[in-house]
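Report on the structure
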Amino acid sequence: MKAKEVPQEIRIGFLVHDVSRMRRTLFDQAMKPLGITRSQWWVLMQLSRHPRYGMLQTELARDLDVGKVTVGGLIDRLETAGYVRRVPDRVDRRAKRVHVTDRGREILDQMVSVGKGLNEIILETLLPADIEVAERALEIMKDNIRRAIVERDDVDLPVGIVAPDAAQVQAETVQRRRRAAPG
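Residues numbered from 1 in each chain as written. Predicted model: local features only at pLDDT ≥ 70, side-chain atom pairs only at ≥ 80, totals over all residues. Heavy atoms only, no water.

1. Section: the packing of aromatic side chains
Considering all chains together, one arrives at two aromatic pairs under this definition. A ring pair is formed by Phe27 and Trp41, whose centres lie 4.5 Å apart and whose planes are at 65°; its orientation type is edge-to-face. Of this pair, Phe27 sits in helix H1 (residues 8-31) while Trp41 sits in helix H2 (residues 38-48), and the two are 14 residues apart along the sequence. Owing to a relative accessible area of 6%, Phe27 belongs among the buried residues under this scheme. Residue classification places Trp41 among the buried positions, given a relative accessible area of 5%. Both rings, one in Trp41 and one in Trp42, keep their centres 5.9 Å apart while their planes meet at 85°; by these two values the pair is edge-to-face. The exposure class assigned to Trp42 is partly exposed, which follows from its relative accessible area of 40%. What links up through ring pairs into an aromatic cluster is the set Phe27, Trp41 and Trp42. (Phe/Tyr/Trp six-rings, centres within 6.5 Å; stacked < 30°, edge-to-face > 60°. Helix = DSSP H or I, 4+ residues; strand = E, 2+ residues; numbered from the N terminus. Buried < 20%, exposed > 50% of the residue type's maximum accessible area, 1.4 Å probe, protein only.)

2. Quick notes on the packing of H2 against helix H4 (residues 68-80)
At their nearest, the axes of H2 and H4 sit 10 Å apart, and the two run at 85° to each other. Classified by the angle their axes make, H2 and H4 are roughly perpendicular. Judged by residue contacts, Ser39, Gln40, Val43 and Leu44 of H2 engage Leu74, Arg77 and Leu78 from H4. Of the residues in the contact of H2 with H4, the class split is four nonpolar, two polar and one charged. (Axes fitted to C-alpha atoms, helices over the stretch in contact; angles between N-to-C directions. Parallel < 35°, antiparallel > 145°, perpendicular 65-115°, else oblique. Contact = heavy atoms within 4.5 Å. Nonpolar A, V, L, I, M, F, W, Y, C, P; charged D, E, K, R; others polar.)

3. Remarks on a nonpolar patch on the surface
Residues Ile12, Val16, Leu138 and Met141 make up a contiguous nonpolar surface patch of about 290 Å² in total accessible area. Secondary-structure elements contributing two or more residues to the nonpolar patch are H1 and helix H6 (128-151). By the secondary structure assignment, Val16 is in helix H1. (Patch = residues over 30% accessible without salt bridge, like charges linked within 9 Å, V, L, I, M, F, W, Y side chains within 5 Å. Areas by Shrake-Rupley, 256 points an atom, 1.4 Å probe, with all protein chains shown as cover. Salt bridge = Lys/Arg side-chain N within 4 Å of Asp/Glu carboxyl O.)

4. Topic: the side chain of His99
Within the fold, His99 resides in strand S3 (residues 96-100). A relative accessible area of 12% places His99 in the buried class. The residues touching His99, leaving out its near neighbours within four places in the chain, are Pro51, Arg52, Tyr53, Gly54, Tyr83, Val84, Arg85 and Val87.

5. A few points about unusual backbone geometry
In this structure, Asp65 takes a positive phi of about 60° despite not being glycine. Its place among the elements puts Asp65 in the loop between helix H3 (57-64) and H4.

6. Points about the sheet that holds strand S1 (residues 55-56)
If you trace the three strands from one edge of the open sheet to the other, you get S1-S3-S2, paired in antiparallel fashion. The open sheet has two edge strands with one neighbour each: S1 and strand S2 (84-88). In this sheet, S3 lies alongside S1 in antiparallel orientation, the contact comprising two bridges. For Met55, the partnering residue across the bridge sits in S3 and is Val98. In this fold H2 packs onto S1, S2 and S3, with an angle of close to 95° to the strand it touches most, S3. (Pairing = 2+ DSSP bridges.)

7. A word on the pairing of S3
For S3, the tally of buried residues reaches four of five residues, placing the bulk of the element in the interior. Sheet analysis places S2 next to S3, joined by five bridges and oriented antiparallel. Bridged to Arg86 within S3 is Val98.

8. Let's talk about the environment of Ile75
Its place among the elements puts Ile75 in helix H4. As a C-alpha pair, Ile75 and Gln57 span 18 residues in sequence and 8.5 Å in three-dimensional space. Beyond its immediate stretch of four places on either side in the chain, Ile75 contacts Gln57, Leu60, Val84, Arg86 and Val98.

Below, the structure is given as C-alpha cells:
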C-alpha cells in the first residue's frame, strides 16, 4: 500500500508517532555530550513540572509509564550525579519526594536551550499560523484521549494506562480552550 493510500484516520497516528520518535532521537543525539540518557532527561523534565513539591517515586513511575524499580534506579543515578535529591514526604515520612537540585536545574536549562535549537530545525519552514494550528490540533487530540480514558475508568484499562482524574482533565481542557480563544 502506498503512503497516499493509507486512510487519513490511520496516517495521522503514524505521523504523530513518527515525529515524536524522531524528535526524541534528535534530542538524544544533542544530549549525549552532556552525559544525559533519554531516560534521565525524561525524569528531569517530569520533575521540572513539579518544582515546589517534587514528586513521589510512585507518581513518577506512573507518569513515565515504567516500573517503580526502573524509576528507582534512574533516581539513584541522577542523585549520584547531583541532579536530584530525595526528601521525606511531609505527610508520610516513609515516602520520599524527589526534587531537582540546583545542579539539576542547570542541566535542565541546557536541555531547554538544546530543545529551542532543535525546534528551530524542526519548525524551520513552517509559518507561525501553521504551528498554532498544529498545537491546537494536538491539544484537542490529547484532551480527547484523556476524556476517552476517563470515560473508560470503570472498564478494565490495559496494563500501564492510568485514568486521570476527570475533574482535572475538564479543568485543563477549559484552561487550554480559554488560552486558545481569540482576544
